[in-house]
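Take a look at the letters that make up each chain.
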Amino acid sequence: MAQILAHGNAHNLLFSFCTDELVTLNDDSEPYPSPQREDLRPLEGIYHTNYISARMYRSIHTLLKSGILNETGEEKAQELLANNAAFFRSGWKTVNTNGRLSPLGRDLLENALAAMDAVAVCQDASTVSG
């Protein structure tokens, strides 16, 4: 349930940031590999996946630290945490390598990196190129 709420809230938050400015400047006809899908996607979609994964990672990590989960819940949360870290790591590489980011896009992705604890999740990531 917590992941569903974090997922929906992350989408709403990102969409609210993007009312006046896109996060990526790449053409939607440029397809790239996506961390969660087999088909190629526009960079904007991969960026969104990245942002959502970071927010979900943060929420699940906070839930784990709370101590309120039973053993089964902790095991599931650890699995979800690992999945979201992997999605973020894969998507970050694609966005960082191919993305032409707006100033907003750069700022949001830098914040996502910080939320993910960039040193642990993306050891090769220190800044976001744009």
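Right above here is the structure, for reference.
Just so we're clear, the structure is a prediction, and the values are computed from it rather than from any experiment. (Residues numbered from 1 in each chain as written. Predicted model: local features only at pLDDT ≥ 70, side-chain atom pairs only at ≥ 80, totals over all residues. Heavy atoms only, no water.)

With respect to the overall build of the protein chain
When its secondary structure is counted, the protein chain shows 5 helices and 2 strands. What you see in the protein chain, going N to C, is helices and strands ordered as α-β-β-α-α-α-α. Among the 130 residues that make up the protein chain, the fraction classed as buried is 41%. The contacts of the protein chain with a sequence gap of at least 6 include a subset with a gap of at least 24, amounting to 70%. A total of about 7,400 Å² of accessible surface is found on the protein chain, and carbon and sulfur atoms cover 52% of it. (Helix = DSSP H or I, 4+ residues; strand = E, 2+ residues; numbered from the N terminus. Buried < 20%, exposed > 50% of the residue type's maximum accessible area, 1.4 Å probe, protein only. Contact = heavy atoms within 4.5 Å. Areas by Shrake-Rupley, 256 points an atom, 1.4 Å probe, with all protein chains shown as cover.)

Let's talk about helix α3 (residues 71-98)
Here α3 spans 41 Å end to end across 28 residues, near enough to the 40 Å set by a 1.5 Å rise per residue. Residues A77, L80, L81, N84, A85, F88, G91, W92, T94, V95 and N96 constitute the buried set of α3. Of the residues flanking the start of α3, the one acting as N-cap is N70, its side-chain oxygen 3.2 Å from the backbone nitrogen of T72. (Expected span 1.5 Å × (residues − 1). Polar contact = N/O pair within 3.5 Å; in protein donor to acceptor, adjacent residues only side chain to side chain.)

Examining the side chain of S34
Positionally, S34 belongs in the loop between β1 (31-32) and β2 (41-42). S34 sits in the buried class, given a relative accessible area of 10%. Not counting residues within four places of it along the chain, the set of residues in contact with S34 comprises D39, R41 and I46.

Some details on the environment of N12
Take N12: it is sitting in helix α1 (residues 2-17). The exposure class assigned to N12 is exposed, which follows from its relative accessible area of 52%. For the pair N12 and I52, spaced 40 residues apart in sequence, the C-alpha separation works out to 9.9 Å.

Section: a nonpolar patch on the surface
The grouping of M1, I4 and L5 at the surface amounts to a nonpolar patch, some 380 Å² of accessible area in total. Along the chain, L5 falls in helix α1. (Patch = residues over 30% accessible without salt bridge, like charges linked within 9 Å, V, L, I, M, F, W, Y side chains within 5 Å. Salt bridge = Lys/Arg side-chain N within 4 Å of Asp/Glu carboxyl O.)

Some remarks on helix α2 (residues 43-66)
When the terminal C-alpha atoms of α2 are compared, their 35 Å separation across 24 residues agrees well with the 34 Å that a helix rising 1.5 Å per residue should span. Once α2 ends, the next one or two residues include G67, with phi positive near 80°.

As for the packing of α2 against α3
The interhelical angle for the contact between α2 and α3, taken along N-to-C directions, is 150°, at an axis separation of 8 Å. It follows that α2 is roughly antiparallel to α3 by the angle criterion. In terms of crossing hand, the pair formed by α2 and α3 is left-handed. (Axes fitted to C-alpha atoms, helices over the stretch in contact; angles between N-to-C directions. Parallel < 35°, antiparallel > 145°, perpendicular 65-115°, else oblique. Left-handed = near helix turned anticlockwise from the far one by under 90°.)

Re the nonpolar core
Within the largest apolar cluster, 30 residues are counted, with the highest numbers of intra-cluster contacts made by L14, V23, Y47, F88, V95, L108 and L109. Within the residue set of this core, elements represented by two or more residues are α1, α2, α3 and α4 (103-115). Looking at this core, the element that brings in the most residues is α2, giving 10 residues. For L14, the residues in contact, after removing those within four places along its chain, are V23, Y47, H48, Y51 and L108. (Core = buried A, V, L, I, M, F, W, Y, C linked by side-chain atoms within 4.5 Å.)

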